[in-house]
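Given next are the chains, with one letter for each unit.
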Amino acid sequence: MTRRLVLLALIGLMAIPAVARADDDLAEVLLSATDADFHGSGVVMCTWGPDSAAATYEVTRSHGMSMVSGPNGDFILLGSLMASQYGADWYALEVAEWSAWSLSDRYSLGDRTATVRLGRPATEMIVMEGDRARARLVLDDESTVPLLTEVFDGDGRVFRSAAMVDFAATPGLELGMPEEFMEHEMLMPEQPSSRLPDSVFGYLRKDTYAMAGDGTQAFYTDGLFSFSVFETGRGTGPAEFGSATRFEVEGVLYGRIVTASNVWVHWRAPERSYVLVGDLPPDHIEGVLGELPRPGVRGVIMRLLARLFG
């Protein structure tokens, strides 16, 4: 189950953007590097309170195909297909369809400053959310690829930092898909769960996909950040959350796991089990959780019926 959730959590990376109207300058910046060929390596680090994680990575993009190598293996993106390597085996996940990208009007482009990074001319830009700095980008002037990205939490602290330490505006190597896969799964659209709203804390539910059994994956985004909510039977949940950090939102407890690129949150509502996986900052996560089904336990009668009838 965990391997499949990792694949599904990356689904937002495969969207081919089509600009909707918001801050046109910021939308142009966010889209500018999507077709650039390059090769680089870097480090990404995420910190939330006492939890932190870091990882090194190597990334190559060539002719529309991207390959990312990290401590947990490799994955390749090409259009609607993602291939991920676990050990010696490759697993593929293909998306049947997805909605067009759009940028929330809560974001705007702030100050721009000419700078130099990795010995290359670059431009530093601040992404604003109202009167708050939400992110800092340093873009390579030649390719427009981000050489540095910092995301700030609600108190202005750096929540996530992704920094290139080596960069070339050329692919560096020829990419190709594996010849065969241990498993090739098609992700099909599904009707949205009645328990998950159309929008939460400014994030729109763009797509919903079927999971094995009676589970669903709902994908939400505001154009800058994104997350998926996996809804399954109440008794299920990744085993890794047994040692997860407990944190409180509006008087109820959740479990979280911080990785270098995402935060994972797990909770059980009275009838279903949920896992949220996303790159959004902590104050947004807390706002989102406040508008999703709340943690809780079944009443005595419901627990008795579940024992009797499953």
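The preceding data block contains the structure.
Every value quoted in this text rests on a predicted model; they were computed, and no experiment measured them.

### Thoughts on the overall build of the protein
In terms of helices and strands, the protein carries four helices and 20 strands. Counting every position in the protein, which comprises 310 residues, the buried fraction comes to 47%. Counting only contacts in the protein whose residues sit at least 6 apart along the sequence, the fraction spanning at least 24 positions is 56%. Of the roughly 14,800 Å² that the protein leaves accessible, carbon and sulfur atoms contribute 52%.

### Some thoughts on the packing of aromatic side chains
Enumeration according to the criterion identifies nine aromatic pairs in this entry. Ring plane angle 65 degrees and centroid distance 5.2 Å describe the contact between tyrosine 203 and phenylalanine 227, whose orientation is recorded as edge-to-face. Here phenylalanine 227 lies in strand β16 (residues 226-233) and tyrosine 203 lies in strand β14 (residues 203-210), a separation of 24 residues in the sequence. For the pair formed by tyrosine 203 and phenylalanine 227, the shared burial category is buried. Ring centres 5.0 Å apart and planes at 10 degrees place the aromatic pair tyrosine 220 and phenylalanine 227 in the stacked group. Relative accessible area serves as the criterion here: at 0%, tyrosine 220 is assigned to the buried category. A relative accessible area of 1% places phenylalanine 227 in the buried class. What links up through ring pairs into an aromatic cluster is the set Trp48, Phe247, Tyr254, Trp267 and Tyr274. The cationic tip of arginine 256 hangs over the ring face of tryptophan 48; the distance from NZ or CZ to the ring centre is 4.1 Å.

### A word on helix α3 (residues 282-289)
Most of α3 sits out of view: six of its eight residues are buried. The complete set of buried residues in α3 reads Pro282, His284, Ile285, Gly287, Val288 and Leu289.

### Things to note about the side chain of glutamate 150
Inspection of the secondary structure puts glutamate 150 in strand β10 (residues 146-152). Those residues within four positions of glutamate 150 in sequence are excluded, and the remaining contacts are Arg134, Ala135, Arg136, Val158, Arg160 and Ser161.

### Let's talk about the nonpolar core
Looking at soluble globular proteins, one finds that nonpolar side chains tend to be buried together. Tyr203, Phe227, Val265, Leu276 and Leu289 are the most contacted members of the largest nonpolar core, which has 40 residues in total. Considering each element in turn, this core owes the most residues, four residues, to helix α2 (residues 24-32). In contact with tyrosine 203, not counting residues within four places along its chain, are Arg106, Tyr107, Asp198, Tyr220, Thr221, Asp222, Phe225, Ser226, Phe227, Leu280, His284 and Val288.

### Section: the sheet that holds strand β6 (residues 89-95)
Backbone hydrogen bonds are what pair the strands of a sheet, in a parallel or an antiparallel way. What the twelve strands build is an open sheet, ordered β7-β8-β9-β10-β11-β1-β2-β3-β4-β5-β6-β12; its pairing is mixed. Of all the strands in the sheet, the pair left with one neighbour each is β7 (107-117) and β12 (183-187). The sheet shows a mean angle of 15 degrees between the axes of neighbouring strands, direction not considered. Relative to strand β4 (residues 73-78), strand β3 (residues 65-70) is paired through six bridges, and the arrangement is antiparallel.

What counts as what
Residues numbered from 1 in each chain as written. Predicted model: local features only at pLDDT ≥ 70, side-chain atom pairs only at ≥ 80, totals over all residues. Heavy atoms only, no water. Helix = DSSP H or I, 4+ residues; strand = E, 2+ residues; numbered from the N terminus. Buried < 20%, exposed > 50% of the residue type's maximum accessible area, 1.4 Å probe, protein only. Contact = heavy atoms within 4.5 Å. Areas by Shrake-Rupley, 256 points an atom, 1.4 Å probe, with all protein chains shown as cover. Phe/Tyr/Trp six-rings, centres within 6.5 Å; stacked < 30°, edge-to-face > 60°. Lys NZ or Arg CZ within 6 Å of the ring centre and 35° of its normal. Core = buried A, V, L, I, M, F, W, Y, C linked by side-chain atoms within 4.5 Å. Pairing = 2+ DSSP bridges. Axes fitted to C-alpha atoms, helices over the stretch in contact; angles between N-to-C directions.

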